[in-house]
Amino acid sequence: MVTIIQVFHKYSGHKCKLKKAELKDLINNEMSHFIMKIHENDTLDQLFADLDQNGDLEIDFKEFIALIAMVTSACHELFTPNPTLQ
Ligand SMILES: [Ca+2]
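What comes next is a walk through the structure. Predicted, not measured: the structure shown is a model, and the values here were computed from it.

In this section: the overall build of the chain. Along the backbone of the chain there are four helices and two strands. The secondary structure elements of the chain, listed N-terminal to C-terminal, are α-β-α-α-β-α. The C-alpha extent of the chain, read off along each of the three principal axes, is 50 × 30 × 25 Å. Residues classed as buried in the chain amount to 29% of the 86 residues present. Contacts in the chain between residues at least 24 apart in sequence constitute 47% of all its contacts with a sequence separation of at least 6.

Grouped together as the largest cluster of nonpolar side chains are 19 residues, with contacts concentrated most on Leu 18, Leu 23, Phe 64 and Leu 67. Of all the secondary-structure elements, those providing two or more residues to this core are helix H1 (2-12), helix H2 (20-30), helix H3 (41-51) and helix H4 (61-79). Among the elements that make up this core, the one with the highest residue count is H4 (five residues). Not counting chain neighbours up to four residues away, the residues in contact with Leu 18 comprise Phe 8, Tyr 11, Ser 12, Leu 23, Leu 26, Phe 48, Glu 58, Ile 59 and Phe 64.

Okay, the coordination of the calcium ion next. Surrounding the calcium ion are the protein donor atoms Asp 52 (OD), Asn 54 (OD1), Asp 56 (OD), Glu 58 (O), Glu 63 (OE) and Glu 63 (OE), at 2.2 to 2.6 Å. Because the angles between the six donor atoms bound to the calcium ion fall within 52 to 155°, the donor set is best described as irregular. Positions of the donor residues of the calcium ion along the chain correspond to the pattern D-x1-N-x1-D-x1-E-x4-E. Residue Asp 52 is found in the loop between H3 and strand S2 (59-60), and its partner Glu 63 is found in helix H4; the two are separated by 11 residues along the sequence. Residue classification places Asp 52 among the buried residues on the basis of a relative accessible area of 9%.

Our focus in this paragraph is the environment of Asp 56. Within the secondary structure layout, Asp 56 lies in the loop between H3 and S2. For Asp 56, a relative accessible area of 29% puts it in the partly exposed group. At 3.1 Å, the side chain of Asp 56 and the backbone nitrogen of Glu 58 are in polar contact.

Our focus in this paragraph is the packing of H1 against H2. Their axes nearest at 9 Å, the elements H1 and H2 cross at an angle of 135°. Classed by the angle they form, the pair H1 and H2 counts as oblique. Here H1 runs over H2; the crossing is right-handed. Of H2, the residues touching H1 (which contributes Val 7, Phe 8, Lys 10 and Tyr 11) are Glu 22, Asp 25, Leu 26, Asn 29 and Glu 30. Here the contact of H1 with H2 is built from residues that sort into four nonpolar, one polar and four charged.

About the criteria used
Residues numbered from 1 in each chain as written. Predicted model: local features only at pLDDT ≥ 70, side-chain atom pairs only at ≥ 80, totals over all residues. Heavy atoms only, no water. Helix = DSSP H or I, 4+ residues; strand = E, 2+ residues; numbered from the N terminus. Buried < 20%, exposed > 50% of the residue type's maximum accessible area, 1.4 Å probe, protein only. Contact = heavy atoms within 4.5 Å. Core = buried A, V, L, I, M, F, W, Y, C linked by side-chain atoms within 4.5 Å. Donors = N, O, S within 2.8 Å, 3.2 Å for Na, K, Ca; no water. Tetrahedral: all angles 85-135°; square planar, octahedral: opposite > 155°, others 65-115°. Polar contact = N/O pair within 3.5 Å; in protein donor to acceptor, adjacent residues only side chain to side chain. Axes fitted to C-alpha atoms, helices over the stretch in contact; angles between N-to-C directions. Parallel < 35°, antiparallel > 145°, perpendicular 65-115°, else oblique. Left-handed = near helix turned anticlockwise from the far one by under 90°. Nonpolar A, V, L, I, M, F, W, Y, C, P; charged D, E, K, R; others polar.

Now the structure itself:
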């Protein structure tokens, strides 16, 4: 949990919000073990629009947590044995 907060602030700075380029850097530098790096601007635009729930073109910590939840959920599915294969 502390790591998530530290990483967020490392990229958001004192304004505590991520702009699109900062979100891209965060994902590509810190989360590349979990999700694919973002190379396409379309992919970044889509992800950013999904996360930016209040439409202010910045990602606050609450909106960022939705990304963490999404990635954690995806990881959980990867590591959970599929009962239909057993
Ligand atoms: Ca926002």
